[in-house]
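Descriptive structure summary
So you can see what is in the structure, the chains are spelled out below.
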Amino acid sequence: DRAQAAPLQLHPVRRGEGHFLLLSQFQHRKHFLFTFLEDYKKNPALARPWLTMTLHDDLAKDRGLVLVRGDVEKELAKNEAEFLIDQCVQSYCVLSRFSAPSGPLTFNQEPKKFDL
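Below or above, wherever it landed, is the structure these notes cover. (Residues numbered from 1 in each chain as written. Predicted model: local features only at pLDDT ≥ 70, side-chain atom pairs only at ≥ 80, totals over all residues. Heavy atoms only, no water.)

**Concerning the environment of proline 104**
Relative to the assigned elements, proline 104 resides in helix α6 (residues 104-109). Taking the C-alpha atoms as reference points, proline 104 and phenylalanine 114, separated by ten residues in sequence, lie 8.8 Å from one another. Aside from chain neighbours lying at most four places away, what touches proline 104 is Ala6, Leu8, Gln9, Ser91, Tyr92, Arg97 and Phe98. (Helix = DSSP H or I, 4+ residues; strand = E, 2+ residues; numbered from the N terminus. Contact = heavy atoms within 4.5 Å.)

**Overview of unusual backbone geometry**
Of note, the phi angle at histidine 28 is positive, near 55°, even though the residue is not glycine. As for its placement among the helices and strands, histidine 28 is situated in the loop between β2 (18-27) and β3 (31-36). At arginine 29, a position not held by glycine, the phi torsion is positive, near 65°. Along the chain, the position of arginine 29 falls in the loop between β2 and β3.

**Observations regarding the pattern of salt bridges**
The full count for this structure, using the stated rule, is seven salt bridges. The residue aspartate 57 makes a salt bridge to lysine 30 at a minimum N-O spacing of 2.9 Å. One end of the pair, aspartate 57, is in the loop between β4 (49-56) and α3 (60-63); the other, lysine 30, is in the loop between β2 and β3, with 27 residues separating them in the sequence. Relative accessible area serves as the criterion here: at 36%, aspartate 57 is assigned to the partly exposed category. Glutamate 75 is paired through a salt bridge with arginine 48; the nearest N and O atoms lie 2.3 Å apart. Remark: arginine 48 occurs in the loop between α2 (37-42) and β4 and glutamate 75 occurs in the loop between β5 (67-72) and α4 (78-93); sequence separation between them is 27 residues. (Salt bridge = Lys/Arg side-chain N within 4 Å of Asp/Glu carboxyl O. Buried < 20%, exposed > 50% of the residue type's maximum accessible area, 1.4 Å probe, protein only.)

Read these as layout, nothing more, since geometry by itself doesn't imply function.
Written as structure tokens, this is what we have:
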């Protein structure tokens, strides 16, 4: 399972003329929690999720389908949350993106080679 092998990932989000970084963490085989990187650096235990992405894999074996639900907090706009969910799914489902220099595998296993 790719998400268990590489549970952390950085996600740049454009807003206005700039951007900010969110850190996602895969937990409990079904959830990706996205939090503001600066909050996580201050105190990981107190960093609140801005977005929680839950995977519902009940249909995975029979239909090859996994449903995704995103719960968004007020810090993110709907379009930003949709972008993050899409990027996260692509980063883990497409092997070339998973193992790319900016992908989750590199971030977790070879952080010095990680290139955002």
